[in-house]
Amino acid sequence: MKSQLQIYTSFVSVKNLKRCTELNLVPIFVMKKIFNSEIIGIYSGTALHFPELSPSNSLYHSYIDNNIDFDTYTESYKEELLNLDLSEIISRLEMLTDLCEASGVVLMTYGRDVRSSYRLALGEILNNSELLEKTVYEIG
């Protein structure tokens, strides 16, 4: 049975975190390391931190070091995601939504421009997974 969970994507900012509260959405931080962030560092290692959904360190550094282009980066990232148990991740997201009595979750990454962020690929994989009833999309 498909999940009824509403999932959005967005970028980390004080304004977007405030918007999550206003819209009754749980922010989920999809980055490897957040402990040194002034905005979200306090969530490092908590139930709201999903580092396994971010690109591997080696893939990220290949992209940052200009060894691969963005298209290769996102395609490789999608392959990494296919190695995860997405149904288990969605179950965890559902549990957090229920515990917080929220209306959904926002998968948050760094980077304002969705066209240059791996969260676009993450949304595509989730939308193509056939695990969700509702479409994942970017909110401003």
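Residues numbered from 1 in each chain as written. Predicted model: local features only at pLDDT ≥ 70, side-chain atom pairs only at ≥ 80, totals over all residues. Heavy atoms only, no water.

### A short note on the nonpolar core
Note the threshold: Working definition of a nonpolar core: buried Ala, Val, Leu, Ile, Met, Phe, Trp, Tyr and Cys residues. They are joined through side-chain atoms within 4.5 Å. Burial status follows relative accessibility: with a 1.4 Å probe on protein chains alone, a residue under 20% of its type maximum counts as buried, one over 50% as exposed, and anything between as partly exposed. Strands here are runs of E lasting at least two residues and helices are runs of H or I lasting at least four, both read from the DSSP assignment and numbered beginning at the N terminus. When checking whether two residues touch, look at their non-hydrogen atoms; a contact exists if any pair is within 4.5 Å.
Ranked by internal contacts, the top residues of the largest apolar core, which has 39 residues, are Ile7, Ile28, Phe29, Leu93, Leu107 and Leu126. Looking at this core, the element that brings in the most residues is helix 4 (residues 86-99), giving 5 residues. Once residues within four sequence positions are removed from consideration, Leu93 is found in contact with Leu5, Ile7, Ile28, Phe50, Val105 and Leu107.

### Structural notes on the pairing of strand 2 (residues 25-29)
Rules: In short, DSSP must find at least two bridges between two strands for them to pair.
Within strand 2, 5 of the 5 residues are buried, leaving the element largely enclosed by the surrounding structure. Where burial is concerned, the two faces of strand 2 agree: the one with Leu25, Pro27 and Phe29 and the one with Val26 and Ile28 are both buried. Here strand 2 runs beside strand 3 (residues 104-109); their pairing, made up of 5 bridges, is parallel. Its bridge partner lying in strand 3, Phe29 is registered against Met108.

### Some points on the packing of helix 2 (residues 57-64) against helix 3 (residues 70-81)
Test applied: Every axis in this analysis is a line fitted to C-alpha atoms, fitted for helices over the stretch in contact. Angles between the N-to-C directions lie between 0 and 180 degrees. Angles are sorted into four bins: roughly parallel if under 35 degrees, roughly antiparallel if over 145, roughly perpendicular if 65 to 115, and oblique for all others. Residue polarity is assigned by list, with Asp, Glu, Lys and Arg as charged and Ala, Val, Leu, Ile, Met, Phe, Trp, Tyr, Cys and Pro as nonpolar; anything else, Gly included, falls into the polar class.
Where helix 2 meets helix 3, the closest approach of the two axes is 10 Å, and the angle between their N-to-C directions is 175°. One finds that helix 2 runs roughly antiparallel with respect to helix 3. Residues Leu59, Tyr60 and Tyr63 of helix 2 pack against Phe70, Tyr73, Ser76, Tyr77 and Glu80 of helix 3. In terms of residue class, the contact of helix 2 with helix 3 is made up of 6 nonpolar, 1 polar and 1 charged.

### Topic: the packing of aromatic side chains
Note the following rule: Each pair of aromatic rings taken from Phe, Tyr and Trp, with Trp reduced to its six-membered ring, is defined by centres within 6.5 Å and is described as stacked if the planes are under 30 degrees apart, edge-to-face if over 60, and tilted in the remaining cases. Any Lys NZ or Arg CZ found within 6 Å of a ring centre and within 35 degrees of that ring's normal is scored as a charge over the ring.
Applying the stated criterion across every chain yields a total of 6 aromatic pairs. Here the aromatic rings of Tyr63 and Tyr73 are separated by 4.3 Å at their centres, their planes lie at 10°, and the arrangement is stacked. Taken as a pair, Tyr63 in helix 2 and Tyr73 in helix 3 lie far apart in primary sequence, 10 residues in all. A relative accessible area of 3% means that Tyr73 is categorised as buried. One aromatic cluster is present, built from ring pairs that chain together Tyr63, Phe70 and Tyr73. Between Arg92 and the ring centre of Phe50, over which it is positioned, the NZ or CZ distance is 4.0 Å.

### Topic: the sheet that holds strand 4 (residues 137-138)
Strand-to-strand pairing in sheets goes through backbone hydrogen bonds, with the strands running parallel or antiparallel. Strand order in the open sheet formed by 4 strands is 2-3-1-4, with parallel pairing between adjacent strands. Whereas interior strands pair on both sides, the edge strands pair on one side only; in this sheet they are strand 2 and strand 4. As defined by bridge partners, strand 1 (residues 7-11) adjoins strand 3 across 5 bridges and the pair is classed as parallel. Bridged to Ser10 within strand 3 is Met108.

Interpretation note: all reported values are geometric properties and have no functional meaning in isolation.
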